[in-house]
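# Inside the fold
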Amino acid sequence: MTSANQIRMPAGGASASPAGPHRAGRDSARRADNRRKWYEIIGLTTPAVLIYVMFVLVPMGFAVYYSLFRWRGVGPPTEFVGLRNYTLAFQDPIFLDALRNNAIIVFGSLLIQGPIALGVALLLNRRFRGRAVFRLLVFVPYVLAEVTVGIMWKLLLTGDGTVDALLRSLGMGGLVQAWLADLDVVIWTLLAVLTWKYVGFAIILLLAGLSNVPDELTEAAAIDGASWWQIQRHVTIPLLGPTIRIWMFLSMIGSLQIFDMIWVTSVPAVRSLGASATMATYMVDNGFFARLWGYGNAVAVILFVISFVAALLFQRFLLRRDIEGAITGRAK
Amino acid sequence: MAVNSVLPPSTGRRQVSYGTPLTYALALAIAAVSIAPVLYVVIGGFRTTPQIVADPAGLPDPFVWDNYARVLTQSNFWQQAFNSAVIALGTTLAVVVLGLAAAFVLARYSFRGREGLYTFFTLGLLFPAGAAILPLYLMLRDLNLINSYYAVILPQVAFSLPLTIVILRPFLSAIPRELEDAAAIDGASRLGFLWRVAMPLSRPALVTVGVLAFVASWNSFLLPLLVLSDVNLHTLPLGVQNFSSQYTTDTAGVLAFTSLAMLPALLFFTLAEKQIVGGLQGAVKG
């Protein structure tokens, strides 16, 4: 009997054996080992559990509590206002603008990046000289900090800046806009910059997913006379399902929380008018900088609930889809 | 047809071939769009602000080293790079150690409540770090941790743990039972097995989670923005933002600072590209 075997045993299993002459000694050895096992389990998991509970779960609980008060952040909160912070948020046109902007970014990212990435990945799904270099270059925008990228584009997009000069030299001077100052344009400019930053991520992810599609399947389809497009449509893309859905999930959660890029790229004045605000920038502007801590925490809870519900719905949906399709289920 | 040749005869599959013109044109265009703005920033750092204003899309003429020299000698660049490095390394080390310990238990011990504990951790994947930032700030303030490295490291570790455990657990589960039995026969305890067998065997996965935690920490902005008001503790992302809002008229200087701030991430990425992509792939396989 090795101690390794016992690791596999359910906690209560050791005591189930019938009593016998030399059972007693073995039982007590087992009990000792069982106790040691529990010490190890507790010792190894406690640090992770503690830090996780303390810095992930507890703050969210506090957010719910603080959100019920009108509170400037000094001393304990005393002025209980119930759900008033929540109703105030949904009555503030700036917050509604922020919600709309988040929706634009969520759906804009999915609808623009998805087809581009899928098309590029399918066309580049083959070994060619320089593919490694290509992968490296396409991934560059993703690895750079959002802040760095934001500052960079802010410089490129200033009035009569590089982008404007480039457009004029191409004879498209008519397209020149106040990219980051025009209240109707700014959110689309930011969406374009986000697309630039994150489409490479989608491409790399899909290329990685494609490398898991067995050659035999596409070859068999080719032998059966399927055209290139038929193969993509009926063999490759269905097999890519899990990858596509994971990408959609990551993109959606990221878009709902988007902060850094918006914060550094758009001017505070434009943001405060709602034209480029998102839920996260609105939360930090009001909670942290304007010191409306109760209100800010209410916005945090709204942001949290929206992300959480979206994630849960998506997982349900994603999970069911993957079980229904036998092929995609196995490919996972 | 260019399109048909995307599927070559199977005999030619294994060798690296030259792509079709279409493949190359597409690859080239995408790569150019990805890299051109970055190159522009790096090259722009070698120009003077009057040059840039006169011709925003031009090339350096003459080449000026002054901007880069100025940033490296007169700004807080080095201090900020140091702070970023301390925070990123601290985060990475803690995430890997705590994540490995917890994932090892979840993978190799069977006990009542194991799956519950695992679900408890995976739940963290649904908790957006951004939403928790305000209460997190208040808590760190009450703990007197504001303006310390810990204020950034501890929450970052906490929010990285779920993904780390999700990636590590299947890896540790996949180590064959025979190895564990053999180690036990040789007299190794379960902890000895973790230290001598499981850890060396899971090195690729450990490198992956380490790299992901490092990059996330290196690039993070919102948490440092709130909890590090002391300029001497600022990290590079905060530095880039401050420099650009402080010297709005010094376009060339901002370009130089921005490219220098990009450099570490780019270097690090070139070295660890395989691990990052591998880690993402691992996450996809879920």
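Residues numbered from 1 in each chain as written. Chains lettered and ligands numbered in written order. Predicted model: local features only at pLDDT ≥ 70, side-chain atom pairs only at ≥ 80, totals over all residues. Heavy atoms only, no water.

## Looking at the packing of aromatic side chains
Counting across every chain of the model gives 38 aromatic pairs over all chains. Relative to F257 of chain B, the ring of F77 of chain B has its centre 5.8 Å away and its plane inclined at 80 degrees; by these criteria the two rings are edge-to-face. Here F77 of chain B is found in helix α4 (residues 77-108), whereas its partner F257 of chain B is found in helix α13 (residues 251-285), with 180 residues between them in sequence. In this structure F77 of chain B comes out as buried when scored by relative accessible area, which is 5%. Assessed through its relative accessible area of 2%, F257 of chain B is described here as buried. Lying over the aromatic face of W263 of chain A, R271 of chain A brings its terminal NZ or CZ to 3.9 Å of the ring centre. Here R169 of chain B stacks its cationic end above the ring of Y118 of chain B, 4.1 Å away from the centre of that ring. (Phe/Tyr/Trp six-rings, centres within 6.5 Å; stacked < 30°, edge-to-face > 60°. Helix = DSSP H or I, 4+ residues; strand = E, 2+ residues; numbered from the N terminus. Buried < 20%, exposed > 50% of the residue type's maximum accessible area, 1.4 Å probe, protein only. Lys NZ or Arg CZ within 6 Å of the ring centre and 35° of its normal.)

## A word on the interface of chain A and chain B
Each partner contributes residues to the interface: chain A has 102 residues there, and chain B has 104 residues. Area buried by chain A at its contact with chain B is led by Y52, F55 and R126 of chain A, which between them contribute 8% of it. Scanning the region where chain A abuts chain B turns up 2 salt bridges. As a salt-bridge pair, R190 of chain B and D33 of chain A come within 3.4 Å of each other at their nearest N and O atoms. The interface formed by chain A and chain B contains 11 residue pairs in polar contact (both at pLDDT 80 or more). Of the residues contributing to the side of chain A that touches chain B, the split by class is 71 nonpolar, 17 polar and 14 charged. (Contact = heavy atoms within 4.5 Å. Buried area = accessible area lost by both parts, 1.4 Å probe. Salt bridge = Lys/Arg side-chain N within 4 Å of Asp/Glu carboxyl O. Polar contact = N/O pair within 3.5 Å; in protein donor to acceptor, adjacent residues only side chain to side chain. Nonpolar A, V, L, I, M, F, W, Y, C, P; charged D, E, K, R; others polar.)

## Description of a nonpolar patch on the surface
A cluster of nonpolar side chains, F107, L111, I112 and I116 of chain A, forms an exposed patch at the surface whose accessible area comes to about 400 Å². Topologically, L111 of chain A is positioned in helix α4 (residues 93-123). (Patch = residues over 30% accessible without salt bridge, like charges linked within 9 Å, V, L, I, M, F, W, Y side chains within 5 Å. Areas by Shrake-Rupley, 256 points an atom, 1.4 Å probe, with all protein chains shown as cover.)

## Comments concerning the UniProt feature "transmembrane region" (unreviewed entry) in chain A
Residues and elements named next belong to chain A. Annotation from UniProt places "transmembrane region" (unreviewed entry) at residues 41-68, 103-124, 136-156, 185-208, 246-264 and 292-314. In residues 136-156, helix accounts for 90% and strand for 0%; the two terminal C-alpha atoms are 23 Å from one another. Annotated as 96% helix and 0% strand, the span residues 292-314 places its first and last C-alpha atoms 33 Å apart. (UniProt positions renumbered as here; feature names shortened; annotations may be inferred.)

## Describing the nonpolar core
Formed by 191 residues in total, the largest nonpolar core has its most connected members in W153 of chain A together with L226 and V227 of chain B. Leaving out residues up to four positions away in the same chain, L226 of chain B has contacts with V284 and F288 of chain A together with I133, L134 and Y137 of chain B. (Core = buried A, V, L, I, M, F, W, Y, C linked by side-chain atoms within 4.5 Å.)

## Brief notes about the UniProt feature "transmembrane region" (unreviewed entry) in chain B
Residues and elements named next belong to chain B. In this structure's numbering, the residues bearing the UniProt feature "transmembrane region" (unreviewed entry) are residues 21-43, 85-106, 118-137, 149-168, 205-228 and 252-272. Annotated as 50% helix and 0% strand, the span residues 118-137 places its first and last C-alpha atoms 27 Å apart. Structurally, residues 205-228 comprises 88% helix and 0% strand, and the distance from its first C-alpha atom to its last is 32 Å.

## Points about the pattern of salt bridges
Charged atoms that come close allow side chains of opposite charge to pair. Applying the stated criterion to the full structure yields 13 salt bridges over all chains. Two residues, R168 of chain A and D160 of chain A, come together in a salt bridge whose shortest N-O distance is 3.3 Å. Classification of R168 of chain A by relative accessible area gives partly exposed; the value is 44%. R114 of chain B is the partner of E115 of chain B in a salt bridge, and the nearest nitrogen-oxygen pair spans 3.2 Å. Classification of E115 of chain B as partly exposed rests on a relative accessible area of 40%. Given the relative accessible area of 21%, R114 of chain B is considered partly exposed. Taken together, the shared-partner salt bridges connect D33, R36 and E40 of chain A together with R190 of chain B into one network.

## Details of the confidence of the model for chain B
Mean pLDDT for chain B: 85, with 90% of residues reaching 70 or above. With pLDDT under 50 throughout, residues 1-15 of chain B is counted as low confidence; its partners more than four residues away or in other chains account for 22 contacts. (pLDDT = per-residue confidence, 0-100.)

## Topic: the layout of surface pockets
Each pocket or cavity is described by its volume, and for the second largest pocket that value is around 690 Å³. Elements represented by at least two residues in the lining of the second largest pocket include exactly α6 (146-156), α7 (162-169) and α8 (186-210) of chain A together with α1 (21-44) of chain B. Of the residues forming the lining of the second largest pocket, the biggest block, 8 residues, is contributed by α8 of chain A. Partitioning the lining of the second largest pocket into residue classes produces 23 nonpolar, 5 polar and no charged. (1 Å grid on protein atoms, 1.4 Å probe; cavity = no way out; pocket = protein on both sides within 12 Å on 5 of 7 lines; lining within 4 Å. Points joined across faces, edges and corners; volume = space filled by probe spheres on them.)

## Thoughts on the packing of helix α7 (residues 149-173) of chain B against helix α10 (residues 203-219) of chain B
All names here are of chain B. At a closest axis distance of 10 Å, the pairing of α7 and α10 adopts a crossing angle of 160 degrees. Our classification of the angle between α7 and α10 gives roughly antiparallel. Considering how the two elements wind past one another, α7 and α10 form a crossing that is right-handed. Seen from α7, the contacting residues are Q156, L163, T164, I167, L168 and F171; seen from α10, they are P204, A205, L206, V209, L212 and S217. Tallied by class, the residues present in the contact of α7 with α10 amount to 9 nonpolar, 3 polar and no charged. (Axes fitted to C-alpha atoms, helices over the stretch in contact; angles between N-to-C directions. Parallel < 35°, antiparallel > 145°, perpendicular 65-115°, else oblique. Left-handed = near helix turned anticlockwise from the far one by under 90°.)

## A short note on empty space enclosed by the protein
Tallied over the full model, the rule gives 4 cavities of 30 Å³ or more. The calculated volume of the second largest cavity comes to roughly 60 Å³. Taken together, L144, A145 and T148 of chain A together with W218, N219, L236, P237, V240, A261, M262 and A265 of chain B make up the lining of the second largest cavity. Of all the secondary structure elements, the ones that give two or more residues to the lining of the second largest cavity are α10, α12 (236-246) and α13 of chain B. Residues of the lining of the second largest cavity, tallied by class, amount to 9 nonpolar, 2 polar and no charged.

## Describing the environment of V86 of chain B
Residue and element names in this part refer to chain B. Here V86 is to be found in helix α4. For V86, a relative accessible area of 26% translates into the label partly exposed. Linking V86 and Y149, residues 63 residues apart in sequence, is a C-alpha distance of 8.0 Å. The residues contacting V86, other than those within four sequence positions of it, are Y149 and I153.

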